[in-house]
Amino acid sequence: MTVLVTGASGNAGSAVVASLAAAGLPGRALVRKAVELPDGIEPVSGDLNQPDSFADSLAGVSGIFLLSGYDRVEELLAKAAEAGVRRVALLSSSSVVGKSTDNAVAAYHLAAEKAVTASGLEWTFLRPNSFMSNTLRWLDQLRAGDEVRVQFPDVPISTIHPRDIGDVAVRALTDDGHASTAYRLTGPVALRPAEQVEILGRALGRNLTARELSRAETHAELFASMPAQYASAIEGFFAEGNVDETTVTDTVATVTGHAPRTLEQWTQENAALFR
Ligand SMILES: NC(=O)c1ccc[n+]([C@@H]2O[C@H](COP(=O)([O-])OP(=O)(O)OC[C@H]3O[C@@H](n4cnc5c(N)ncnc54)[C@H](OP(=O)(O)O)[C@@H]3O)[C@@H](O)[C@H]2O)c1
């Protein structure tokens, strides 16, 4: 039972790799550069947009942890089925069950879900809330001082620890009973951005303050930092309430048997990254 993990150098993929290793399961990590991997996880070089580049590495793979949003996914899935892969756990997002799915973020996740459903492989969709690792977006501000500008200050979000996504993915790919299931995954508690800043400050031993941005300031920052269609989608999620990332689900606990990890835990584990 070998799992291929795509995006293995990223926040979610590296968490899946860690969860596999913690469970003592063998894995292959699709990477584009050298990364440190735990024992039992073998690196595989390839480009997700070019399924040919790693097709040979699909032999002997039982399941794939797959990121959404890449070209030629149908071709990759056909090659996987041909190679004998049985299962796919697709990293989708909360946006696909939003009030409005007419946005650029939901569109690429929905396209990937559609391709996976059509592939004939056993599938599980992982639809998480925003990741706790998004806290790293404050890094530049924290290097400059103790004030953090926070967007959508009134919206509490139950952000999720990437390792909980990893644990659910490993269960979905290695246990029975998760096929044709879409999991809405959340963290344990919904926190406003200022509360998240306070928790980060405690982990770093710093007296951080949150400067709550107005709707207009948030709009300007968002559109300056990413392509307009993604900025507009994010504004739709949190200013217009198109997604609900406030409600807490019990899915992580039900699937993994352990409570979802907290932001306190994530910030303590990752404090060194902020220094
Ligand atoms: N962040 C959130 O709050 C959130 C919430 C819900 C869903 N999601 C979904 O989760 C996905 C992953 O998030 P993340 O935070 O783990 O992202 P990330 O840290 O940026 O990681 C992206 C990973 O994909 C790899 N990659 C990118 N282009 C590739 C290509 N052409 N071929 C092979 N590998 C490629 C990167 O490899 P390199 O290191 O080589 O660049 C990296 O390992 C997002 O794209 C989104 O769809 C995110």
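For the structure itself, look to the data block above.
Residues numbered from 1 in each chain as written. Predicted model: local features only at pLDDT ≥ 70, side-chain atom pairs only at ≥ 80, totals over all residues. Heavy atoms only, no water.

## Considerations on the site of the ligand
By nearness alone, 24 residues border the ligand, and S9, K33, D47, L48 and N134 come closest of all. Side-chain polar atom of S9 to an oxygen atom of the ligand: 2.5 Å apart, as the coordinates give it. The fraction of the free accessible surface of the ligand (920 Å²) that becomes covered by protein chains is 77%. Put simply, the parts of the chain that give the shell around the ligand at least two residues each are α1 (11-22) and α3 (104-118). When its residues are assigned to classes, the shell around the ligand shows nine nonpolar, 12 polar and three charged. (Near = heavy atom within 4 Å. Polar contact = N/O pair within 3.5 Å; in protein donor to acceptor, adjacent residues only side chain to side chain. Areas by Shrake-Rupley, 256 points an atom, 1.4 Å probe, with all protein chains shown as cover. Helix = DSSP H or I, 4+ residues; strand = E, 2+ residues; numbered from the N terminus. Nonpolar A, V, L, I, M, F, W, Y, C, P; charged D, E, K, R; others polar.)

## Re the pairing of strand β2 (residues 27-31)
With five of its five residues buried, β2 lies for the most part within the structure. A two-sided burial pattern is seen for β2, the buried positions comprising G27, A29 and V31 on one face and R28 and L30 on the other. Alignment of strand β1 (residues 2-5) against β2, held across three bridges, turns out to be parallel. Following the sheet pairing, L4 is matched in β2 by R28. Considered for its hand, the β-α-β crossover made up of β1, α1 and β2 is right-handed. Both β2 and strand β3 (residues 41-45) contribute to a ladder of five bridges, which runs parallel. For V31, the partnering residue across the bridge sits in β3 and is S45. (Buried < 20%, exposed > 50% of the residue type's maximum accessible area, 1.4 Å probe, protein only. Pairing = 2+ DSSP bridges. Right-handed = clockwise from strand over helix to strand, strands pointing away.)

## So, the packing of α3 against helix α8 (residues 228-238)
Their axes nearest at 7 Å, the elements α3 and α8 cross at an angle of 100°. The pairing of α3 with α8 is recorded here as roughly perpendicular in orientation. Contacts from A104, V105 and Y108 of α3 reach α8 at Q229, Y230, A233 and F237. In terms of residue class, the contact of α3 with α8 is made up of six nonpolar, one polar and no charged. (Axes fitted to C-alpha atoms, helices over the stretch in contact; angles between N-to-C directions. Parallel < 35°, antiparallel > 145°, perpendicular 65-115°, else oblique. Contact = heavy atoms within 4.5 Å.)

## With respect to the side chain of S130
Assignment of secondary structure puts S130 in the loop between β6 (122-128) and α4 (139-144). Take S130: its relative accessible area is 17%, and that puts it in the buried class. Looking at S130, its side chain comes within polar contact range of the side chain of E245, at 2.7 Å. Apart from residues lying up to four places away in sequence, S130 is in contact with I157, T159, I160, F238 and E245.

## What about the sheet that holds β3?
The seven strands are arranged β3-β2-β1-β4-β5-β6-β8 in an open sheet whose pairing can be described as parallel. Both outer strands of the open sheet, β3 and β8 (181-185), are each paired with one neighbouring strand and no more. Put simply, the sheet's adjacent strands are angled 20° from each other on average, direction ignored. With four bridges joining them, β1 and strand β4 (residues 61-67) adopt parallel strand pairing. Residue pairing in the sheet places L4 in a bridge with I64 of β4.

## A look at the packing of aromatic side chains
Inspection of the entire model under this criterion finds five aromatic pairs. Centroid distance F152 to F238: 5.6 Å. Interplanar angle 50°. Geometry classified as tilted. Taken together, the residues span a long stretch of sequence, with F152 in the loop between β7 (147-150) and α5 (162-174) and F238 in helix α8 at a distance of 86 residues. An aromatic cluster is defined as three or more aromatic residues linked by ring pairs; in this entry it consists of F152, F237 and F238. (Phe/Tyr/Trp six-rings, centres within 6.5 Å; stacked < 30°, edge-to-face > 60°.)

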